[in-house]
Amino acid sequence: MLYQMFELNHAAVAPLRAAAQWSAAALGHESHPLYGTELGRTLAASCEFFETSTRRYAKPEFGLTETEIGGKPVPVREEVIWQKPFGRLLHFKRDEALVPAEAKTRLLIVAPLSGHYATLLRGTVEALLPRHDVYITDWADARMVPMSEGTFDLEDYVDYLREMCAVLGPDLHMLAVCQPSVPALVATALMNEDGDAATPRSLTMMGGPIDTRINPTEVNRFATTQGYDWFPANVIMNVPWPHPGHGRPVYPGFLQLSGFMAMNLDRHVSAHWDYFSHLVEGDGSSAAKHRAFYDEYLAVMDLPADYYLQTIKRVFVEHHLPRGLFTHRGRKVDLGAITKTALMTVEGEKDDISGVGQTFAAHVMCKNIPDENRAHYEQKGVGHYGVFNGTRWEEDIAPRVSAFIQKHDGAA
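Here the residue numbers are simple positions, counted from 1 along each chain's written sequence. Where totals are concerned, whole chains, interfaces and linings use all residues; where local detail is concerned, this predicted model gives features only for residues with pLDDT of at least 70, and gives and counts side-chain atom pairs only at 80 or more. In computing side-chain values, all of the structure's heavy atoms are included and hydrogens and water are not.

Draft legend 1. Local environment of the packing of helix α4 (residues 154–168) against helix α5 (residues 181–194). To define axes, lines are fitted to C-alpha atoms, for helices over the stretch in contact only, and angles between the resulting N-to-C directions are given on a 0 to 180 degree scale. Numbering of helices and strands runs from the N terminus; a helix is a DSSP stretch of H or I covering at least four residues, while a strand is a stretch of E covering at least two. One can describe the packing of α4 onto α5 by two numbers: an axis separation of 9 Å at closest approach and a directional angle of 60°. Judged by the angle between their axes, α4 and α5 are oblique. As α4 runs across α5, the sense of the crossing is right-handed. Side by side, α4 and α5 meet where L154, Y157, V158, L161, R162 and C165 of the first sit next to P183, A184, V186, A187, L190, M191 and D194 of the second. An angle below 35 degrees is read as roughly parallel, one above 145 as roughly antiparallel, one from 65 to 115 as roughly perpendicular, and any other as oblique. In this scheme, a crossing is called left-handed if the near helix is turned counterclockwise away from the far one by less than a right angle; it is called right-handed if the turn is clockwise. Contacts are residue-level and defined by heavy atoms, with any inter-residue pair within 4.5 Å sufficient.

Right, here's the structure in full:
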(Lines give C-alpha, C1' and ligand atoms only; values in the text may rest on other atoms or scores of the structure.)
Protein backbone atom coordinates (compact mmCIF):
# COMPACT_ATOMS: atom_id res chain seq x y z
CA MET A 1 0.00 0.00 0.00
CA LEU A 2 2.92 2.39 0.58
CA TYR A 3 3.62 2.69 -3.15
CA GLN A 4 -0.06 3.41 -3.86
CA MET A 5 -0.11 6.05 -1.11
CA PHE A 6 2.99 7.66 -2.57
CA GLU A 7 1.31 7.88 -5.98
CA LEU A 8 -1.91 9.25 -4.55
CA ASN A 9 -0.01 11.89 -2.58
CA HIS A 10 1.89 12.91 -5.69
CA ALA A 11 -1.36 13.25 -7.63
CA ALA A 12 -3.08 15.16 -4.81
CA VAL A 13 -0.28 17.73 -4.61
CA ALA A 14 -0.23 18.30 -8.40
CA PRO A 15 -2.67 21.27 -8.34
CA LEU A 16 -0.71 22.95 -5.55
CA ARG A 17 2.52 22.37 -7.43
CA ALA A 18 1.04 23.96 -10.56
CA ALA A 19 -0.20 26.93 -8.54
CA ALA A 20 3.22 27.39 -6.94
CA GLN A 21 4.88 27.28 -10.34
CA TRP A 22 2.48 29.89 -11.73
CA SER A 23 2.91 32.11 -8.65
CA ALA A 24 6.70 32.00 -8.87
CA ALA A 25 6.54 33.03 -12.52
CA ALA A 26 4.09 35.85 -11.74
CA LEU A 27 6.18 37.20 -8.84
CA GLY A 28 9.24 37.19 -11.08
CA HIS A 29 7.59 39.35 -13.73
CA GLU A 30 8.40 43.04 -13.68
CA SER A 31 4.71 43.99 -13.92
CA HIS A 32 3.93 42.41 -10.52
CA PRO A 33 3.61 44.96 -7.65
CA LEU A 34 6.01 42.96 -5.48
CA TYR A 35 8.59 42.44 -8.21
CA GLY A 36 12.12 43.23 -6.98
CA THR A 37 11.08 43.62 -3.33
CA GLU A 38 12.42 41.43 -0.54
CA LEU A 39 8.91 40.15 0.16
CA GLY A 40 8.37 39.33 -3.51
CA ARG A 41 11.67 37.47 -3.78
CA THR A 42 10.92 35.53 -0.57
CA LEU A 43 7.46 34.52 -1.79
CA ALA A 44 8.82 33.55 -5.22
CA ALA A 45 11.61 31.52 -3.60
CA SER A 46 9.07 29.76 -1.35
CA CYS A 47 6.92 28.83 -4.35
CA GLU A 48 9.88 27.55 -6.35
CA PHE A 49 11.18 25.62 -3.36
CA PHE A 50 7.79 23.94 -2.90
CA GLU A 51 7.54 23.06 -6.58
CA THR A 52 11.02 21.51 -6.80
CA SER A 53 10.54 19.63 -3.50
CA THR A 54 7.33 17.92 -4.63
CA ARG A 55 8.18 17.29 -8.28
CA ARG A 56 8.82 13.85 -9.79
CA TYR A 57 12.12 14.14 -11.61
CA ALA A 58 12.23 12.63 -15.09
CA LYS A 59 15.10 10.68 -16.56
CA PRO A 60 17.82 13.23 -17.42
CA GLU A 61 19.54 13.49 -20.78
CA PHE A 62 23.30 13.06 -21.28
CA GLY A 63 23.35 16.15 -23.48
CA LEU A 64 26.87 15.46 -24.75
CA THR A 65 26.92 16.83 -28.29
CA GLU A 66 30.61 17.69 -28.57
CA THR A 67 34.02 16.73 -27.23
CA GLU A 68 37.48 18.18 -27.75
CA ILE A 69 40.40 16.19 -29.15
CA GLY A 70 43.77 17.78 -29.76
CA GLY A 71 42.32 21.21 -29.13
CA LYS A 72 39.67 20.80 -31.83
CA PRO A 73 35.91 20.33 -31.37
CA VAL A 74 34.51 16.96 -32.47
CA PRO A 75 30.74 16.44 -32.86
CA VAL A 76 29.14 13.64 -30.82
CA ARG A 77 25.73 12.01 -31.18
CA GLU A 78 24.00 9.24 -29.21
CA GLU A 79 23.04 6.00 -30.93
CA VAL A 80 21.21 2.98 -29.50
CA ILE A 81 22.99 -0.04 -30.97
CA TRP A 82 21.43 -2.86 -28.89
CA GLN A 83 18.30 -3.11 -26.80
CA LYS A 84 16.36 -5.57 -24.65
CA PRO A 85 13.46 -4.98 -22.22
CA PHE A 86 15.59 -4.14 -19.18
CA GLY A 87 18.41 -2.21 -20.79
CA ARG A 88 20.05 -0.88 -23.90
CA LEU A 89 23.52 -0.04 -25.15
CA LEU A 90 24.27 3.58 -26.00
CA HIS A 91 27.13 4.65 -28.27
CA PHE A 92 28.54 8.17 -28.10
CA LYS A 93 29.46 8.27 -31.77
CA ARG A 94 32.10 10.80 -32.69
CA ASP A 95 32.99 12.08 -36.15
CA GLU A 96 35.66 9.44 -36.83
CA ALA A 97 37.33 11.52 -39.53
CA LEU A 98 38.41 13.92 -36.77
CA VAL A 99 39.58 11.26 -34.29
CA PRO A 100 43.24 10.12 -34.25
CA ALA A 101 43.99 6.39 -34.11
CA GLU A 102 45.21 6.51 -30.49
CA ALA A 103 41.78 7.76 -29.35
CA LYS A 104 39.80 4.93 -30.99
CA THR A 105 40.13 2.23 -28.32
CA ARG A 106 36.62 0.96 -27.60
CA LEU A 107 35.40 1.21 -24.02
CA LEU A 108 32.19 -0.19 -22.52
CA ILE A 109 31.20 1.68 -19.36
CA VAL A 110 28.91 -0.42 -17.16
CA ALA A 111 26.68 1.99 -15.24
CA PRO A 112 25.20 1.00 -11.88
CA LEU A 113 21.69 -0.40 -11.65
CA SER A 114 21.26 0.95 -8.16
CA GLY A 115 18.62 3.66 -8.29
CA HIS A 116 20.05 6.50 -10.35
CA TYR A 117 20.07 6.60 -14.13
CA ALA A 118 23.17 6.09 -16.25
CA THR A 119 23.35 9.87 -16.66
CA LEU A 120 24.87 9.98 -13.16
CA LEU A 121 28.05 9.03 -15.05
CA ARG A 122 27.85 12.01 -17.40
CA GLY A 123 31.14 13.34 -16.02
CA THR A 124 32.71 9.89 -16.40
CA VAL A 125 31.74 9.72 -20.06
CA GLU A 126 32.70 13.34 -20.73
CA ALA A 127 36.25 12.84 -19.43
CA LEU A 128 36.78 9.64 -21.43
CA LEU A 129 35.26 10.74 -24.75
CA PRO A 130 38.43 12.51 -25.98
CA ARG A 131 40.45 9.35 -25.34
CA HIS A 132 38.14 6.45 -26.28
CA ASP A 133 35.23 5.25 -28.40
CA VAL A 134 32.70 5.15 -25.55
CA TYR A 135 29.63 2.93 -25.03
CA ILE A 136 27.49 2.79 -21.88
CA THR A 137 24.78 0.56 -20.42
CA ASP A 138 21.47 2.38 -20.05
CA TRP A 139 19.29 0.37 -17.67
CA ALA A 140 15.49 0.56 -17.80
CA ASP A 141 13.21 1.80 -15.04
CA ALA A 142 11.45 -1.39 -13.91
CA ARG A 143 8.13 0.39 -13.42
CA MET A 144 8.11 1.07 -17.16
CA VAL A 145 8.64 -2.59 -18.19
CA PRO A 146 5.39 -4.56 -18.66
CA MET A 147 4.99 -7.83 -16.79
CA SER A 148 4.77 -9.61 -20.15
CA GLU A 149 8.51 -8.99 -20.64
CA GLY A 150 9.37 -11.41 -17.81
CA THR A 151 11.80 -10.92 -14.96
CA PHE A 152 15.36 -9.64 -14.59
CA ASP A 153 17.84 -10.91 -12.00
CA LEU A 154 21.57 -10.85 -11.28
CA GLU A 155 22.23 -13.71 -13.69
CA ASP A 156 20.33 -11.89 -16.44
CA TYR A 157 22.57 -8.90 -15.72
CA VAL A 158 25.65 -11.05 -16.42
CA ASP A 159 24.05 -12.37 -19.61
CA TYR A 160 23.24 -8.84 -20.77
CA LEU A 161 26.90 -7.84 -20.34
CA ARG A 162 28.07 -10.87 -22.32
CA GLU A 163 25.61 -10.06 -25.09
CA MET A 164 26.78 -6.45 -25.21
CA CYS A 165 30.40 -7.59 -25.45
CA ALA A 166 29.43 -9.95 -28.26
CA VAL A 167 27.74 -7.10 -30.14
CA LEU A 168 30.83 -4.92 -29.78
CA GLY A 169 33.19 -7.76 -30.65
CA PRO A 170 36.93 -8.20 -29.99
CA ASP A 171 39.38 -5.50 -28.91
CA LEU A 172 37.04 -4.16 -26.23
CA HIS A 173 37.78 -2.75 -22.78
CA MET A 174 35.29 -2.65 -19.90
CA LEU A 175 34.93 -0.20 -17.01
CA ALA A 176 32.48 -0.88 -14.17
CA VAL A 177 31.46 1.80 -11.67
CA CYS A 178 30.38 0.65 -8.19
CA GLN A 179 27.65 -2.04 -8.09
CA PRO A 180 28.27 -3.61 -11.55
CA SER A 181 31.83 -4.51 -10.58
CA VAL A 182 30.50 -7.90 -9.42
CA PRO A 183 28.57 -8.91 -12.56
CA ALA A 184 31.30 -7.41 -14.77
CA LEU A 185 33.95 -9.51 -13.00
CA VAL A 186 31.75 -12.62 -13.25
CA ALA A 187 31.08 -12.06 -16.96
CA THR A 188 34.81 -11.52 -17.58
CA ALA A 189 35.68 -14.76 -15.77
CA LEU A 190 33.13 -16.76 -17.78
CA MET A 191 34.34 -15.28 -21.08
CA ASN A 192 37.97 -16.03 -20.21
CA GLU A 193 37.11 -19.62 -19.32
CA ASP A 194 35.06 -20.09 -22.50
CA GLY A 195 37.72 -18.59 -24.76
CA ASP A 196 35.15 -16.07 -25.93
CA ALA A 197 36.44 -13.86 -28.75
CA ALA A 198 34.66 -10.89 -27.14
CA THR A 199 36.58 -11.23 -23.85
CA PRO A 200 37.57 -7.72 -22.70
CA ARG A 201 41.24 -6.89 -23.01
CA SER A 202 41.05 -5.00 -19.74
CA LEU A 203 38.59 -4.58 -16.89
CA THR A 204 38.67 -1.49 -14.66
CA MET A 205 36.53 -1.53 -11.51
CA MET A 206 35.97 1.66 -9.51
CA GLY A 207 34.49 1.71 -6.00
CA GLY A 208 33.01 -1.78 -6.38
CA PRO A 209 31.68 -4.11 -3.62
CA ILE A 210 33.85 -7.12 -4.47
CA ASP A 211 34.38 -8.10 -0.81
CA THR A 212 32.22 -6.05 1.56
CA ARG A 213 33.66 -7.82 4.60
CA ILE A 214 36.71 -5.55 4.28
CA ASN A 215 36.36 -2.14 6.00
CA PRO A 216 32.55 -2.44 6.07
CA THR A 217 30.63 0.82 5.66
CA GLU A 218 27.25 1.70 7.16
CA VAL A 219 25.63 0.37 3.99
CA ASN A 220 27.41 -2.96 4.40
CA ARG A 221 26.69 -3.22 8.11
CA PHE A 222 23.00 -2.50 7.56
CA ALA A 223 22.73 -5.41 5.12
CA THR A 224 24.47 -7.91 7.37
CA THR A 225 22.72 -6.72 10.54
CA GLN A 226 19.22 -6.88 9.06
CA GLY A 227 19.83 -10.16 7.25
CA TYR A 228 18.36 -11.14 3.90
CA ASP A 229 14.80 -11.86 5.09
CA TRP A 230 14.27 -8.24 6.19
CA PHE A 231 14.54 -6.90 2.64
CA PRO A 232 11.74 -8.81 0.84
CA ALA A 233 9.48 -8.18 3.83
CA ASN A 234 10.09 -4.43 4.05
CA VAL A 235 11.24 -2.84 0.78
CA ILE A 236 9.71 -4.87 -2.06
CA MET A 237 6.42 -3.53 -3.46
CA ASN A 238 4.31 -3.96 -6.57
CA VAL A 239 4.20 -1.17 -9.16
CA PRO A 240 0.72 0.42 -9.06
CA TRP A 241 -1.50 1.20 -12.02
CA PRO A 242 -1.30 3.10 -14.41
CA HIS A 243 2.44 2.57 -14.92
CA PRO A 244 3.27 0.15 -17.78
CA GLY A 245 4.91 -2.22 -15.29
CA HIS A 246 1.95 -2.32 -12.89
CA GLY A 247 1.98 -5.50 -10.84
CA ARG A 248 5.76 -5.95 -11.14
CA PRO A 249 7.57 -6.43 -7.79
CA VAL A 250 10.27 -3.78 -7.40
CA TYR A 251 12.44 -1.93 -4.96
CA PRO A 252 10.88 1.54 -5.49
CA GLY A 253 12.97 4.53 -6.43
CA PHE A 254 11.42 6.75 -3.78
CA LEU A 255 12.54 4.34 -1.05
CA GLN A 256 16.06 4.28 -2.45
CA LEU A 257 16.12 8.07 -2.56
CA SER A 258 15.07 8.19 1.10
CA GLY A 259 18.04 5.98 1.93
CA PHE A 260 20.44 8.10 -0.16
CA MET A 261 19.26 11.30 1.53
CA ALA A 262 19.35 9.83 5.04
CA MET A 263 23.03 8.93 4.70
CA ASN A 264 23.98 12.63 4.49
CA LEU A 265 20.83 14.35 5.73
CA ASP A 266 22.59 17.33 7.33
CA ARG A 267 24.41 18.07 4.08
CA HIS A 268 21.19 17.95 2.03
CA VAL A 269 19.28 20.15 4.50
CA SER A 270 22.11 22.68 4.42
CA ALA A 271 22.24 22.60 0.61
CA HIS A 272 18.49 23.24 0.32
CA TRP A 273 18.60 26.08 2.83
CA ASP A 274 21.45 27.64 0.85
CA TYR A 275 19.37 27.19 -2.31
CA PHE A 276 16.45 29.05 -0.75
CA SER A 277 18.78 31.84 0.37
CA HIS A 278 20.29 32.13 -3.12
CA LEU A 279 16.80 32.46 -4.60
CA VAL A 280 15.88 35.23 -2.15
CA GLU A 281 19.17 37.03 -2.78
CA GLY A 282 18.79 36.70 -6.55
CA ASP A 283 21.98 34.66 -6.88
CA GLY A 284 20.92 32.91 -10.07
CA SER A 285 24.28 31.26 -10.75
CA SER A 286 24.44 29.43 -7.39
CA ALA A 287 20.75 28.45 -7.63
CA ALA A 288 21.34 27.04 -11.13
CA LYS A 289 24.21 24.86 -9.87
CA HIS A 290 21.95 23.51 -7.11
CA ARG A 291 19.20 22.73 -9.61
CA ALA A 292 21.62 21.00 -11.99
CA PHE A 293 22.89 18.71 -9.23
CA TYR A 294 19.52 17.84 -7.71
CA ASP A 295 17.77 17.41 -11.07
CA GLU A 296 20.17 14.48 -11.49
CA TYR A 297 20.33 13.30 -7.89
CA LEU A 298 16.56 13.24 -7.34
CA ALA A 299 15.84 11.36 -10.57
CA VAL A 300 15.56 7.72 -9.50
CA MET A 301 14.11 4.53 -10.94
CA ASP A 302 12.62 1.29 -9.62
CA LEU A 303 14.80 -1.83 -9.52
CA PRO A 304 13.51 -5.31 -10.45
CA ALA A 305 12.92 -7.21 -7.20
CA ASP A 306 14.67 -10.40 -8.34
CA TYR A 307 17.83 -8.56 -9.27
CA TYR A 308 17.85 -6.44 -6.11
CA LEU A 309 17.23 -9.31 -3.71
CA GLN A 310 19.82 -11.58 -5.34
CA THR A 311 22.37 -8.78 -5.10
CA ILE A 312 21.59 -8.21 -1.42
CA LYS A 313 21.84 -11.91 -0.63
CA ARG A 314 24.81 -12.98 -2.75
CA VAL A 315 26.96 -9.83 -2.60
CA PHE A 316 26.22 -8.05 0.68
CA VAL A 317 24.94 -10.71 3.08
CA GLU A 318 26.49 -14.05 2.08
CA HIS A 319 29.58 -12.75 0.18
CA HIS A 320 29.50 -15.48 -2.48
CA LEU A 321 32.27 -14.04 -4.69
CA PRO A 322 35.12 -13.77 -2.13
CA ARG A 323 34.08 -17.12 -0.58
CA GLY A 324 34.30 -18.89 -3.93
CA LEU A 325 30.58 -19.75 -3.90
CA PHE A 326 29.34 -17.62 -6.78
CA THR A 327 27.53 -19.55 -9.48
CA HIS A 328 25.96 -18.50 -12.76
CA ARG A 329 23.01 -20.63 -13.89
CA GLY A 330 24.36 -23.51 -11.87
CA ARG A 331 27.94 -23.11 -13.11
CA LYS A 332 30.62 -22.26 -10.58
CA VAL A 333 32.44 -19.04 -11.39
CA ASP A 334 36.23 -19.44 -11.35
CA LEU A 335 38.00 -16.09 -11.04
CA GLY A 336 41.27 -17.95 -11.48
CA ALA A 337 40.25 -18.44 -15.11
CA ILE A 338 40.94 -14.77 -15.80
CA THR A 339 44.30 -14.77 -17.58
CA LYS A 340 43.71 -12.78 -20.79
CA THR A 341 42.12 -9.68 -19.24
CA ALA A 342 44.23 -7.01 -17.53
CA LEU A 343 42.78 -5.76 -14.23
CA MET A 344 42.75 -2.27 -12.71
CA THR A 345 41.01 -1.26 -9.49
CA VAL A 346 40.33 2.29 -8.27
CA GLU A 347 39.22 3.34 -4.79
CA GLY A 348 38.53 6.59 -2.94
CA GLU A 349 40.16 7.22 0.42
CA LYS A 350 36.90 8.53 1.95
CA ASP A 351 34.44 6.22 0.19
CA ASP A 352 31.53 5.65 2.60
CA ILE A 353 29.69 3.22 0.30
CA SER A 354 32.44 0.83 -0.86
CA GLY A 355 35.17 0.91 1.77
CA VAL A 356 38.87 1.00 0.98
CA GLY A 357 40.08 -2.51 0.12
CA GLN A 358 36.73 -3.85 -1.07
CA THR A 359 37.57 -3.35 -4.76
CA PHE A 360 41.27 -4.15 -4.39
CA ALA A 361 40.20 -7.59 -3.13
CA ALA A 362 39.68 -8.60 -6.78
CA HIS A 363 43.46 -8.78 -7.21
CA VAL A 364 43.66 -11.44 -4.51
CA MET A 365 40.84 -13.47 -6.07
CA CYS A 366 42.09 -13.18 -9.67
CA LYS A 367 45.31 -14.99 -8.83
CA ASN A 368 46.40 -15.93 -12.35
CA ILE A 369 46.64 -12.48 -13.90
CA PRO A 370 50.32 -11.63 -14.51
CA ASP A 371 51.64 -8.84 -12.29
CA GLU A 372 52.43 -6.67 -15.30
CA ASN A 373 48.73 -6.75 -16.21
CA ARG A 374 47.54 -5.37 -12.87
CA ALA A 375 47.19 -1.89 -11.42
CA HIS A 376 45.60 -0.33 -8.35
CA TYR A 377 45.08 3.32 -7.53
CA GLU A 378 43.68 4.94 -4.39
CA GLN A 379 42.66 8.58 -4.77
CA LYS A 380 43.28 10.60 -1.64
CA GLY A 381 40.62 12.92 -0.29
CA VAL A 382 37.61 11.75 -2.30
CA GLY A 383 34.45 9.88 -1.38
CA HIS A 384 32.40 7.48 -3.48
CA TYR A 385 31.16 9.94 -6.11
CA GLY A 386 34.57 11.60 -6.38
CA VAL A 387 35.95 8.36 -7.79
CA PHE A 388 34.06 8.86 -11.07
CA ASN A 389 33.02 12.53 -11.09
CA GLY A 390 34.57 15.90 -10.35
CA THR A 391 37.99 17.48 -10.42
CA ARG A 392 40.00 14.59 -8.98
CA TRP A 393 38.37 12.19 -11.43
CA GLU A 394 39.12 14.45 -14.39
CA GLU A 395 42.67 15.40 -13.43
CA ASP A 396 44.04 12.36 -11.58
CA ILE A 397 41.94 9.22 -12.09
CA ALA A 398 40.73 9.39 -15.71
CA PRO A 399 44.26 9.86 -17.16
CA ARG A 400 45.49 6.82 -15.19
CA VAL A 401 42.55 4.69 -16.32
CA SER A 402 43.08 5.69 -19.95
CA ALA A 403 46.81 5.03 -19.73
CA PHE A 404 46.10 1.53 -18.38
CA ILE A 405 43.64 0.84 -21.19
CA GLN A 406 46.06 2.08 -23.84
CA LYS A 407 48.86 0.00 -22.39
CA HIS A 408 46.82 -3.16 -22.68
CA ASP A 409 45.13 -2.46 -25.97
CA GLY A 410 46.40 -5.40 -28.03
CA ALA A 411 47.97 -7.13 -25.02
CA ALA A 412 45.65 -10.12 -25.41
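There's more to say after this.
Draft legend 2. Structural detail: the pairing of strand β5 (residues 133–139). Where burial is concerned, most of β5 is hidden: 7 out of the 7 residues are buried. Exposed residues in this analysis have more than 50% of their type's maximum accessible area, buried residues have under 20%, and partly exposed residues fall in between, with area computed by a 1.4 Å probe over protein chains only. Side chains D133, Y135, T137 and W139 project from β5 onto one buried face, and the interleaved V134, I136 and D138 project onto a second face that is buried too. The pairing criterion for strands is at least two bridges between them, as found by DSSP. By the bridge criterion, 5 bridges tie strand β3 (residues 87–94) to β5 in an arrangement that is antiparallel. When the bridges of β5 are listed, L89 appears paired with T137. Between the parallel elements strand β4 (residues 106–110) and β5, the chain passes through helix α3 (residues 122–128) in a crossover that is right-handed. A crossover gets the label right-handed when its path from the first strand over the helix to the second runs clockwise, viewed with the strands pointing away from the viewer.

Draft legend 3. Layout of the side chain of E347. Its place among the elements puts E347 in strand β13 (residues 342–348). Charge assignment in this entry is limited to Lys and Arg as positive and Asp and Glu as negative, and neither His nor the chain termini are counted. The rule for a salt bridge is simple: a side-chain nitrogen of Lys or Arg has to be within 4 Å of a carboxyl oxygen of Asp or Glu. Salt bridges are absent for the buried E347, whose nearest opposite-charge side chain, K380, sits at 9.2 Å. For this analysis, a polar contact is any N or O atom pair within 3.5 Å, provided that within protein one partner can donate a hydrogen and the other can accept it, and provided that sequence-adjacent residues contribute only side-chain to side-chain pairs. For E347, the side chain forms a polar contact with the main-chain nitrogen of G357, separated by 2.9 Å. A distance of 3.3 Å separates a polar atom in the side chain of E347 from the backbone nitrogen of Q358. For E347, the contacting residues outside a window of four places in its chain are G355, V356, G357, Q358, T359, F360, H376, Y377, E378, Q379 and V387.

Draft legend 4. How the structure looks around the sheet that holds strand β10 (residues 303–304). Taken together, the 3 strands give an open sheet; going across it, the order is β8-β9-β10, and neighbouring strands pair in antiparallel fashion. Looking at which strands have only one partner, the edges of the open sheet turn out to be β8 (237–238) and β10.

Draft legend 5. A look at the nonpolar core. Counting residues in each nonpolar core, the largest one holds 58 residues, and the members touching the most others are L108, W139, L185, I210, Y308, L321 and L335. Secondary-structure elements contributing two or more residues to this core are β4, β5, α4, β6 (172–177), α5, β7 (202–206), α11 (305–317) and α12 (361–365). Grouping buried Ala, Val, Leu, Ile, Met, Phe, Trp, Tyr and Cys residues that are joined through side-chain atoms within 4.5 Å yields what is termed a nonpolar core. Counting 34 residues, the second-largest nonpolar core is a separate cluster that includes L90, V125, M206 and A398.

Draft legend 6. Just the environment of P170, in detail. Among the structural elements, P170 can be located in the loop between α4 and β6. Residues P170 and P200 lie 30 residues apart in sequence; the distance between their C-alpha atoms is 7.3 Å. Not counting residues up to four positions away in its chain, the partners in contact with P170 are R106, A197 and A198.

Draft legend 7. View of the environment of H91. Assignment of secondary structure puts H91 in strand β3. A relative accessible area of 6% places H91 in the buried class. As a C-alpha pair, H91 and R77 span 14 residues in sequence and 8.0 Å in three-dimensional space. When residues no more than four places from it in sequence are discounted, the contact partners of H91 are R77, E78, E79, I81, D133, V134 and Y135.

Draft legend 8. The arrangement of the packing of α4 against α11 in detail. Their axes nearest at 8 Å, the elements α4 and α11 cross at an angle of 100°. Comparing their axes, α11 and α4 come out roughly perpendicular. Residue-level inspection shows L154, E155 and Y157 of α4 in contact with α11, the latter providing Y307, Q310, T311 and R314. Considered class by class, the residues forming the contact of α4 with α11 number 3 nonpolar, 2 polar and 2 charged. We call Asp, Glu, Lys and Arg charged. Ala, Val, Leu, Ile, Met, Phe, Trp, Tyr, Cys and Pro are nonpolar, and the rest, Gly among them, are polar.

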